[in-house]
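Structure at a glance
Read off the chains here:
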Amino acid sequence: MKRVLFFISLVLLVVSLPLYTAEGYRDTTYHFGFKKSKNGQLPSIDEEGFKDIVEKHGAIFLGDTTKKELYLTFDNGYENGYTVKILDTLKEKKVPATFFVTGHYIKDQPDLLKRMTKEGHIIGNHSWSHPDMSQISNDKIKEELEKVKEGITQVTGQKEVPFLRPPRGIFSERTLAVSKQLGYTSVFWSLAYKDWDTKAQRGWKYAYDNFMQQLHPGAVILLHSVSKDNADAMGKMIDDARKQGYEFKSLKQLPPKKQ
């Protein structure tokens, strides 16, 4: 009986140990999450279990938290008819943004990509087919990212694609390391809310209230351009954030990460 209990304990211990790749990187899968900002206080990833690897591999969660700066980013997996309105507002308000696009978006919306580039926005990599990158090989990760980069360059002429947003916020230390080796800075976020469900839009005030309640210095803002709520609230969001002393910056203006 003691041998059986010892064996069971040993199995449980082995199962609980983190997996490592041949390169020595942890291959535990994480879903990005964070403790939201309230009343201007900084959000946190201290209790999420992945802060060390995010910092180790230079991934972005926050900008410069000593300054009232905001970094606006959008995930563009497919077009739902609202990106034009969002671009119109950004142009009117002179706000830079980063749009993370998939292969589908590149093939489906080349004119919008050209407009983004022409108006000074950054186009980032969101992978070709939006897979869980923690479940695919290093070679497949490279293929996913290179296809997007080539597509962006062909459509817009933008040769450098330095920023990556992991699909669905799923990652491991291995995927962060591989992405970094390929020249990418992985970009997560410190301000977000449920805006991606096109069947559960709640009106412009829902988007506006969630945005304003989470404002904090150095915020990296994740929005989805499929949201009518976001498109309708965008102008007021920008105006009222500026009234609080915030300034919108491009990801290219982020302070360099300490290695």
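Everything in this summary refers to the structure shown in the same document. Within each chain, residues carry numbers counting from 1 in the order of the written sequence. Restriction of local features to residues with pLDDT of at least 70 applies here, the model being predicted, together with a cutoff of 80 or more for giving and counting side-chain atom pairs; totals for whole chains, interfaces and linings are based on all residues. As a rule here, side-chain values come from all non-hydrogen atoms in the structure, and water together with hydrogens is ignored.

**Thoughts on the pairing of strand 4 (residues 122-125)**
- Neither face of strand 4 is left uncovered, since the one carrying Ile122 and Gly124 and the one carrying Ile123 and Asn125 both have all their residues buried.
- Looking at chain direction, strand 3 (residues 98-101) and strand 4 are connected through four bridges and run parallel. Within strand 4, the residue paired with Val101 across the bridge is Asn125. Buried means the residue's accessible area, taken with a 1.4 Å probe over protein chains only, is under 20% of the maximum for its type, while exposed means over 50%, and partly exposed covers the values in between. A run of H or I in DSSP becomes a helix once it reaches four residues, and a run of E becomes a strand once it reaches two; helices and strands are each numbered from the N terminus. A strand pair is defined by DSSP finding two or more bridges across the two strands.

**Some remarks on the side chain of Thr156**
- Along the chain, the position of Thr156 falls in helix 6 (residues 138-156).
- Within the structure, Thr156 has its side chain in polar contact with the backbone oxygen of Ile152 (distance 2.7 Å).
- Counting of polar contacts relies on pairs of N or O atoms within 3.5 Å, with two restrictions inside protein: one atom must be capable of donating a hydrogen and the other of accepting it, and residues adjacent in sequence are counted only when both atoms are side-chain atoms. Separated by 3.0 Å, the side chain of Thr156 and the backbone nitrogen of Gln158 make a polar contact.
- Contacts of Thr156, omitting those with residues within four sequence positions, involve Leu113, Lys114, Thr117 and Ile123. Only heavy atoms matter for contacts: two residues are in contact if any of them lie within 4.5 Å across the pair.

**Observations concerning the pairing of strand 8 (residues 219-224)**
- With six of six residues buried, strand 8 lies mostly within the body of the structure.
- Residues of strand 8 alternate between two faces, with Ala219, Ile221 and Leu223 on one and Val220, Leu222 and His224 on the opposite face, all of them buried.
- Bridge analysis of strand 2 (residues 69-76) against strand 8 gives six bridges, and the strand direction is parallel. In the strand pairing of strand 8, Leu72 is matched with Ile221.

**Quick word on unusual backbone geometry**
- Positive phi, close to 55°, is recorded for Asn39, a residue that is not glycine.
- Its location among the elements puts Asn39 in the loop between strand 1 (30-31) and helix 2 (51-56).
- The exposure class of Asn39 is exposed, given its relative accessible area of 77%.
- Of note in this structure, Lys94 is not a glycine but carries a positive phi near 60°.
- In this structure, Lys94 sits in the loop between helix 3 (83-93) and strand 3.

**A word on the side chain of Glu79**
- Along the polypeptide, Glu79 turns up in the loop between strand 2 and helix 3.
- Here Glu79 is buried and forms no salt bridge, its nearest opposite-charge partner Arg115 lying at an N-O distance of 9.9 Å.
- A polar contact is formed between the side chain of Glu79 and the backbone nitrogen of Gly81, at a distance of 2.8 Å.
- Aside from chain neighbours lying at most four places away, what touches Glu79 is Tyr105, Asp108, Gln109 and Leu112. Under this rule, positive means Lys or Arg and negative means Asp or Glu; His and the chain ends count for nothing. We count a salt bridge whenever a side-chain nitrogen from Lys or Arg sits within 4 Å of a carboxyl oxygen from Asp or Glu.

**Considering the pattern of salt bridges**
- This model, assessed by the stated rule, comprises 15 salt bridges.
- Lys93 is paired through a salt bridge with Asp239; the nearest N and O atoms lie 3.0 Å apart. On the criterion of sequence distance, the pair formed by Lys93 in helix 3 and Asp239 in helix 9 (residues 228-243) is long-range, its members being 146 residues apart.
- Residue Arg115 is joined to Glu119 by a salt bridge in which the shortest nitrogen-to-oxygen separation is 2.8 Å.
- Residue Glu119 is classed as partly exposed on the basis of its relative accessible area, which comes to 27%.
- Among the charged side chains, a network of salt bridges with common partners joins Lys85, Lys228 and Asp232.

**Section: the nonpolar core**
- Here, nonpolar core refers to any group of buried Ala, Val, Leu, Ile, Met, Phe, Trp, Tyr and Cys residues whose side-chain atoms link them within 4.5 Å. Counting 45 residues, the largest nonpolar core has Leu72, Phe74, Leu90 and Phe211 as the members making the most contacts within it.
- Here this core gets six residues from one element, more than from any other, and that element is helix 9.
- Ignoring anything within four residues of it in the chain, the contact list for Leu90 reads Leu72, Phe74, Val95, Ala97, Phe99, His121 and Ile238.
- Counting 16 residues, the second-largest nonpolar core is a separate cluster that includes Val54, Leu62, Phe171 and Ala192.

These values are about where atoms sit, not about what they do.
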